[in-house]
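# Structure assessment
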Amino acid sequence: MAILRNDGVLQLNYRPLAHRRIYRQVQQRDGWICGWCQGPGSTLDHVIPICWGGQTIPENCVIACRSCNHSRNNALPSTFIRWTGLKPSHPVIRHILTHESAILDRAQQSLASRPLSSCVSREEAQIWIAFHTNPIERVQPTPVEEPLTRVKNETRAFSEYFVP
Ligand SMILES: [Zn+2]
């Protein structure tokens, strides 16, 4: 829950341990492989971005490389594959691409109905609060520009970073 402290600071009680658990689950399912480009990847990527109501659940998350995750930013999957020409075969991405508008509607409804305690990161909690503070003018993510350059790909497998 969000708690307004006496000093006026809004304290967000989200669930970082749940975030870590989901990351581990998704990593065990996907390995250290980017769901978009099949390169080495290590970040948790929300296929429907958090700002569109996408949740941190295995059904909405894949492992992605930094390049794909950062260059996509808040773009929807359909926009990202149009930019990049990537043809991801990951079942989670394929499913969401096929039903994107219905899943997007559901994500927005879910953001409206689920409690703040469903949020597992600060970013998610902030979006939840923005969405619920402004119910008339629903917060719409600003459309993102296609990046001119992509950040450098990870060239080594993630596990190599842990060589003792
Ligand atoms: Zn990638």
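My aim in this report is to walk through the structure given alongside it, one point at a time. (Residues numbered from 1 in each chain as written. Predicted model: local features only at pLDDT ≥ 70, side-chain atom pairs only at ≥ 80, totals over all residues.)

### Focus: the overall build of the protein chain
Cut-off, in case you're wondering: Only DSSP runs of H or I with at least four residues qualify as helices, and only runs of E with at least two residues qualify as strands; both kinds are numbered from the N terminus onward. Three classes are used. A residue is buried when 20 or more other C-beta atoms lie within 10 Å of its own, exposed when 12 or fewer do, and partly exposed in between, with C-beta atoms placed from the backbone. Two residues qualify as being in contact provided that their C-beta atoms, derived from the backbone, are within 7 Å of each other.
A tally of helices and strands in the protein chain yields six helices and four strands. Going from the N terminus to the C terminus, the protein chain shows its helices and strands as β-β-α-β-β-α-α-α-α-α. When each of the 164 residues of the protein chain is scored for burial, the buried share is 30%. Contacts in the protein chain between residues far apart in sequence, at least 24 positions, make up 67% of those at least 6 positions apart.

### A word on the environment of Thr56
Positionally, Thr56 belongs in the loop between strand S3 (43-46) and strand S4 (61-64). With residues up to four places along the chain from it excluded, the contact list for Thr56 reads His19, Ile22, His46, Cys61, Val120, Ser121 and Glu124.

### What to know about the pairing of S4
Formally: Pairing between two strands requires that DSSP report at least two bridges joining them.
Alternating residues of S4 divide into Cys61 and Ile63 and Val62 and Ala64, and every residue in both groups is buried. Sheet analysis places S3 next to S4, joined by four bridges and oriented antiparallel. Paired with Leu44 across the bridge in S4 is Ile63.

### Comments concerning the environment of Leu111
When you line up the elements, Leu111 lands in helix H5 (residues 100-113). Note: C-alpha distance between Leu111 and Glu124 (13 residues apart in sequence) is 9.8 Å. Excluding its chain neighbours within four sequence positions, the residues that come into contact with Leu111 are Gly53, Trp128 and Phe131.

### Overview of unusual backbone geometry
Note: most peptide bonds trans; most residues except glycine with negative phi. The phi torsion at Gln38 lies on the positive side, around 70°, for a residue other than glycine. Along the polypeptide, Gln38 turns up in the loop between helix H1 (16-30) and S3.

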